[in-house]
Amino acid sequence: MFAYFGPRNWWPGETRFEIIVGAILTQSVAWRNVSKAIENLRAAGILTLEAMYKAPIEEIEKHIVPTLYWRMKAKKLRAFVNHIMDNYHGDLDKFLQKDKEELRRELLSLYGIGPETADSIILYAAEQPVFVVDAYTRRIFHRLGFFEESVSYDEMQQFFMKHIPPDVRYYNEYHALIVGIGNRFCSNKKPDCGNCPIQSVCRFKLRNKVENEG
DNA sequence: GTCCGGATAG
DNA sequence: CTATCTGGAC
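Residues numbered from 1 in each chain as written. Chains lettered and ligands numbered in written order. Predicted model: local features only at pLDDT ≥ 70, side-chain atom pairs only at ≥ 80, totals over all residues. Heavy atoms only, no water.

1. Some remarks on the UniProt feature "domain: HhH-GPD" (unreviewed entry) in chain A
Note the threshold: UniProt positions are given in the numbering used here, feature names are shortened, and annotations may be inferred rather than shown by experiment. Numbering of helices and strands runs from the N terminus; a helix is a DSSP stretch of H or I covering at least four residues, while a strand is a stretch of E covering at least two.
In the numbering used here, UniProt assigns the feature "domain: HhH-GPD" (unreviewed entry) to residues 25-184. Across residues 25-184, helical content stands at 68% and strand content at 0%; the span's end C-alpha atoms are separated by 21 Å.

Laid out in C-alpha cells, this is it:
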C-alpha cells in the first residue's frame, strides 16, 4: 500500500482543534465535503474553541451544511466544545495530554463521539498510539481473509494492536493507507481488483473475477 | 434495525 | 438517475 500511495501525511489540519472538528464532521461523508465546511468555519472566524463556544448554534449549522448531517453535527461540535470549556477552562492540550485509556473513555462519554471518532482524535490530535479502524478496514481485511464480516470494532482494533508495535507515525500512516485502498479500489459493489496494489495477497480478487466473467 | 439528509462520480 | 462518502444516536 505504501509503495503505491507513498506517505499521505494525515491528518489534514493546522491546529489540534481543527483536526478534531474534521474528525467529527467526516462521519459518514466524503472528505471533500468536510474540507468545504472547514474553510467556511475558518472564513467565518469560528474555527477556534473559544469562537465556536460563543457562536450561536445556527451560525455553526449554516457553515457545515456540506457535511450532510449538519444539524446533528453542529450539536456534536457544540457538545465537544462545551465539555472542554466547562471542564478544562478551554485548555484543549491539557485534555489531550491525559492518559490515552482515560482520554478514550471520556471522549466516548460525549454526545456524537463513538469509537472511530474517539480513536481518530487520540491518534491524530493527541498523537498517542491507538490503531484506528473503520468500515474500510472491515471490508478490506474481510476480503483479504483475516476477519469475519461481522467482526466488531474492538476485535479489529485489538488484532492490529497485537500484531503492530505502538507507534504514532506508523499507526497514522497505516490507517491512511487503508482508507486510500478503500475509496480507490475496494468499493462494496464494483471493486477495482485488477488495479489494486494488494491484489496479490487478496482472496477476494479471484471471486470477483469469476463473477465479472459470469 | 432506522434516522440523519449534502455533494459528487459514474 | 443512484450508490457512496474516513459514523453515531436511538
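2. Focus: empty space enclosed by the protein
Inclusion rule: Any residue with an atom within 4 Å of a point lines the site, the site being either a cavity, points on a 1 Å grid over the protein atoms alone where a 1.4 Å probe fits but cannot get out, or a pocket, an open set with protein on both sides within 12 Å along at least 5 of 7 lines. Grid points are joined across faces, edges and corners, and a volume is the space filled by probe spheres set on the points. Polar here means any residue other than Ala, Val, Leu, Ile, Met, Phe, Trp, Tyr, Cys and Pro, which are nonpolar, and Asp, Glu, Lys and Arg, which are charged; Gly is therefore polar.
Taken as a whole, this structure holds 1 cavity of 30 Å³ or more when the rule is applied. Lining the largest cavity are 13 residues, and of these Cys186, Cys193, Cys196, Ile198 and Cys202 sit closest to its centre. Here the residues of the lining of the largest cavity sort into 10 nonpolar, 1 polar and 2 charged.

3. Focus on the layout of surface pockets
What counts, and what does not: The split into domains, and so the bounds of each, comes from an automatic or database assignment of domains.
In this model, the largest pocket occupies a volume close to 660 Å³. Lining the largest pocket we find 22 residues, and of these Thr26, Val29, Asp134, Tyr136 and Val179 sit closest to its centre. In terms of residue class, the lining of the largest pocket is built from 10 nonpolar, 7 polar and 5 charged. Lining the lining of the largest pocket are residues from two domains, each supplying at least three of them: domain 1 (2-125) and domain 2 (135-212).

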